[in-house]
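Report on the structure
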Amino acid sequence: MPFDLGDVVPLGTTVRDGSGNLANAGSMALTLTLPDNTTVSVNPVTPVSTGTYQYDYATVQPGRHVVRWVATGINAGAYTDVFDVREAAPPLIFSLADARKHVNMPATVTTHDEELRGWVEAATAAVEFFVGPVARRTVTEVHDRASARTLALRKTPVISVTAVTAVLTGGTSYAVADLDLDGEAGIVRRKDGGLLVGPLRVIYVAGRTTIRANISHAARIILQHLWRTQGGGIGRPAPGGMDDYAVTEPIPGLGFAVPNRALELLLDDRLPPGVA
């Protein structure tokens, strides 16, 4: 399961001798490769007990981290692992409390919370595959067209535009106050009717300020469907399998992850063909 940004991640490895018994290495070094490809090195790492090495790392970046332990000298060896860190504001269509309630998780059972959070993220992604961004997020993209009267942003709906700046030195940037935004369509144009001369880097906020009930309930149905593959019998399908969570046909790009009932609820908010 991913860690939250700011979490302290307990890292560890063990060393054994030729007979398979725990034994110290001559020296142990730890290197973490962060998502931005910088590294953090700890050398040497002192064993906490014979053959057991640990290090607690406080996360500072979201994304994939690569962990590399290298033992040298006596009992030399190496071990590589990875862990992921969520962004500070991950796209979540509803809270963990809402998810627990929907899958009828007893308040006293918290052992599945991290797994359930992951499935909420998966359900959010499935919904957004059909209707575009629901959870609010900042998007940065470059538009290369030399000049046009409108820019069509790639993630819709759009809540607001933060900046429109020139990519090339000497290019023209545009004040947000001088631009008009059609948030539903993701269209940006100059209020004076002039051309937008590129290439331009656009930073904007995509998502929805209000989530309609059909979208929210579709996400809950998807969550329930996904959770039933992991929930140890929680929410078993109705006899014959034809309940609200039935899936009769695979969806290109999603397979059997989205039940028919969820698709029906999302129908009115589906993105038009060719819009991501």
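In case you missed it, the structure is sitting above this.
A few points on the structure.

A separate point is the packing of helix α2 (residues 113-131) against helix α3 (residues 213-227). Running from N to C, α2 and α3 point in directions that differ by 130°, and their axes come no closer than 9 Å. As judged from the angle between their axes, α2 and α3 are oblique. In this structure, the crossing between α2 and α3 has a hand that is right-handed. Across the interface between the two elements, Glu115, Leu116, Trp119, Val120, Ala122, Ala123, Ala126, Val127 and Val131 from α2 touch Ile215, Ala218, Ala219, Ile222, Leu223, Leu226 and Trp227 from α3. Its residues assigned to classes, the contact of α2 with α3 shows 15 nonpolar, no polar and one charged.

Attention now moves to the sheet that holds strand β4 (residues 47-49). Ordered in space as β1-β5-β4, the three strands form an open sheet in which the pairing is antiparallel. Each edge of the open sheet is held by one strand with a lone partner, namely β1 (8-14) and β4. Here the strands of the sheet are splayed against their neighbours by 40° on average, with no regard to which way each runs. Two elements, β1 and strand β5 (residues 52-58), share seven bridges in a ladder whose sense is antiparallel. Along β5, the bridge assignment pairs leucine 11 with tyrosine 55.

Quick notes on the rules
- Residues numbered from 1 in each chain as written.
- Predicted model: local features only at pLDDT ≥ 70, side-chain atom pairs only at ≥ 80, totals over all residues.
- Heavy atoms only, no water.
- Axes fitted to C-alpha atoms, helices over the stretch in contact; angles between N-to-C directions.
- Helix = DSSP H or I, 4+ residues; strand = E, 2+ residues; numbered from the N terminus.
- Parallel < 35°, antiparallel > 145°, perpendicular 65-115°, else oblique.
- Left-handed = near helix turned anticlockwise from the far one by under 90°.
- Contact = heavy atoms within 4.5 Å.
- Nonpolar A, V, L, I, M, F, W, Y, C, P; charged D, E, K, R; others polar.
- Pairing = 2+ DSSP bridges.

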